[in-house]
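Breakdown of the fold
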Amino acid sequence: MKQVTLSTPFITLIVLDYGAIIQKLLVKDKNGNTVNVVIGKDFPSEYTSDDVFLGACVGRYAGRISGGTFELDREKFFLHHENGVHLHGGKEGFGKKYWTFDEVSHGNSPFVRLSYTSKHLEEGYPGNVKASVTYRLENNQLHIIHKAITDRTTVINLTNHSYFRLDDAPTIDKYELQLNCSQYLETDQQSLPTGKVVSVKKSDYDFRKERPMRNTRLDTPFIIDTKMYVAAAIRSRLSGIGMKVITNQPAMVVYTPPDMPAICFETQNYPDAPNFPEFPSSILRPEEVYENRSQFIFDLD
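Below, the structure is looked at part by part. If you're wondering where the values come from, they're calculated on a predicted model, not measured in any experiment.

Comments concerning the packing of aromatic side chains
- As enumerated under the stated definition, the model contains 14 aromatic pairs in all.
- Relative to Tyr-125, the ring of Phe-70 lies with its centre 6.1 Å away and its plane at 35 degrees, an arrangement referred to as tilted. In this pair, Phe-70 sits in strand β7 (residues 69–72) while Tyr-125 sits in the loop between β11 (111–118) and β12 (129–138), placing the two residues 55 residues apart along the sequence.
- On the basis of relative accessibility, which here comes to 1%, the residue Phe-70 falls in the buried class.

Here is the structure:
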């Protein structure tokens, strides 16, 4: 397993070729101490047994697809599923593959680009897909750019699955969260979208104004208000570290795992979009380029 380290005076990033995983993301807190703001394993070899996608690039389709199937151009495709739910690309999605380090630069804006080629019908998806992810540091910012091309019409939805932890507190209850999202997708007991778009008004999901998370726990696909520049912002008063999320994607799954003090911001298309024609299209055709551009900006109080 290989790893690459990139640094600016503000951020240090460690990336693995396995799963294109972000192993560590180091920033300074208000006292000048170095904080790893993502939950990760100490040793790269430990990631082969990880089943919660720590820091990984997930695909071909981030999120859930219902019934383990979808129809595309009048042809039906069958995916790996558990109890009718296909999650994060299947049994061995992109987060369980070895990627290739294509380019590394340690210049003023250091970056690393990795690639992975997914063969036709891997996990049941059509088309040979060439995917890449670029991690670039710019002062206090981490830019993540996912791209993909295909030789046959397919569906795709890539994201990074880092679990952010901004301090060493045992819970995230005191984190202050703001989401520029006035709507979310209703989901059923299997966390699959029902197709209904719901207002956050007068609900536990209303974070349009910054407020403490308290005991709110989320596994929720939020629809990003496109008129807003920043999709999400979160801050720990304990460490003084704040983070803003900016993306070109229409949605963001905000996930707070039940067994660790962390929060994920999975910038992506709507879950189960292949089975909902009214959702933004996740279809990628041979003449097109898929691109998910997201950035994570860190600051201090």
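There's plenty left to go through after this.
Notes on the side chain of Thr-256
- Following the sequence through the fold, Thr-256 ends up in the loop between β23 (251–255) and β24 (264–268).
- Excluding residues within four positions of it along the chain, Thr-256 makes contact with Ile-172, Met-213, Arg-217, Leu-218, Ala-262 and Ile-263.

Describing unusual backbone geometry
- Note that the residue after Gly-59, namely Arg-60, is joined by a cis bond; omega there is 10 degrees.
- Structurally, the position occupied by Arg-60 is in the loop between β5 (56–58) and β6 (64–66).
- The residue Glu-123 is not glycine, and still its phi comes out positive at about 60 degrees.
- Within the fold, Glu-123 resides in the loop between β11 and β12.

Describing the pattern of salt bridges
- Overall, the coordinates contain 13 salt bridges when judged by the stated rule.
- In this structure, Asp-206 and Arg-208 form a salt bridge, with 2.9 Å as the shortest nitrogen-oxygen distance.
- Given the relative accessible area of 34%, Arg-208 is considered partly exposed.
- Glu-210 serves as the salt-bridge partner of Arg-237, at 3.9 Å between the closest nitrogen and oxygen. Linking Arg-237 in the loop between β21 (232–235) and β22 (241–247) with Glu-210 in the loop between β18 (193–199) and β19 (211–212), this pair joins segments that are 27 residues apart in sequence.
- When salt bridges that share partners are traced, they join Lys-147, Glu-291 and Arg-293 into one network.

As for the sheet that holds β11
- Taken in spatial order, the 9 strands of this open sheet run β10-β11-β12-β13-β26-β22-β21-β16-β19, and their pairing is antiparallel. Lying at the two open borders of the sheet, with one neighbouring strand each, are β10 (100–105) and β19.
- Two strands pair when backbone bridges link them, and β22 and strand β26 (residues 290–300) are joined in this way by 7 bridges, in the antiparallel orientation. Bridge pairing in β26 places Thr-247 opposite Ser-294.

Section: the environment of Asp-188
- Within the fold, Asp-188 resides in the loop between β17 (183–187) and β18.
- Along the chain, Asp-188 and Arg-285 lie 97 residues apart, while their C-alpha atoms are 31 Å from each other.

Some details on the pairing of strand β16 (residues 176–179)
- Relative to β19, β16 is paired through 2 bridges, and the arrangement is antiparallel. By the bridge assignment for β19, Leu-177 is matched with Arg-211.
- Across 4 bridges, the pairing between β16 and β21 is antiparallel. Bridging across to β21, Glu-176 finds its partner in Arg-235.

With respect to the nonpolar core
- Core analysis: the largest hydrophobic core is formed by 57 residues, its most contacted members being Leu-25, Tyr-135, Leu-179, Phe-265 and Phe-298.
- By residue number, the principal contributor to this core is β12, which donates 5 residues.

A short note on the sheet that holds strand β4 (residues 34–36)
- The antiparallel open sheet is built from 4 strands, whose spatial order is β1-β2-β3-β4. Each edge of the open sheet carries a strand with a single partner, namely β1 (3–7) and β4. Ignoring which end each strand starts from, the neighbouring axes of this sheet average 15 degrees apart.
- Pairing of β1 with strand β2 (residues 11–16), which is carried by 5 bridges, proceeds in the antiparallel orientation. When the bridges of β2 are listed, Ser-7 appears paired with Thr-12.

What to know about the pairing of strand β3 (residues 22–28)
- Pairing geometry for β2 and β3, over 5 bridges, is antiparallel. Residue pairing across strands places Val-15 opposite Ile-22, the latter belonging to β3.
- Linking β2 to β3, which pair antiparallel, is a turn of 5 residues; within it Gly-19 sits at a positive phi near 70 degrees.
- For β3 and β4, the ladder comprises 3 bridges, and the chain directions are antiparallel.

Analysis parameters
- Residues numbered from 1 in each chain as written.
- Predicted model: local features only at pLDDT ≥ 70, side-chain atom pairs only at ≥ 80, totals over all residues.
- Heavy atoms only, no water.
- Phe/Tyr/Trp six-rings, centres within 6.5 Å; stacked < 30°, edge-to-face > 60°.
- Helix = DSSP H or I, 4+ residues; strand = E, 2+ residues; numbered from the N terminus.
- Buried < 20%, exposed > 50% of the residue type's maximum accessible area, 1.4 Å probe, protein only.
- Contact = heavy atoms within 4.5 Å.
- Salt bridge = Lys/Arg side-chain N within 4 Å of Asp/Glu carboxyl O.
- Pairing = 2+ DSSP bridges.
- Core = buried A, V, L, I, M, F, W, Y, C linked by side-chain atoms within 4.5 Å.
- Axes fitted to C-alpha atoms, helices over the stretch in contact; angles between N-to-C directions.

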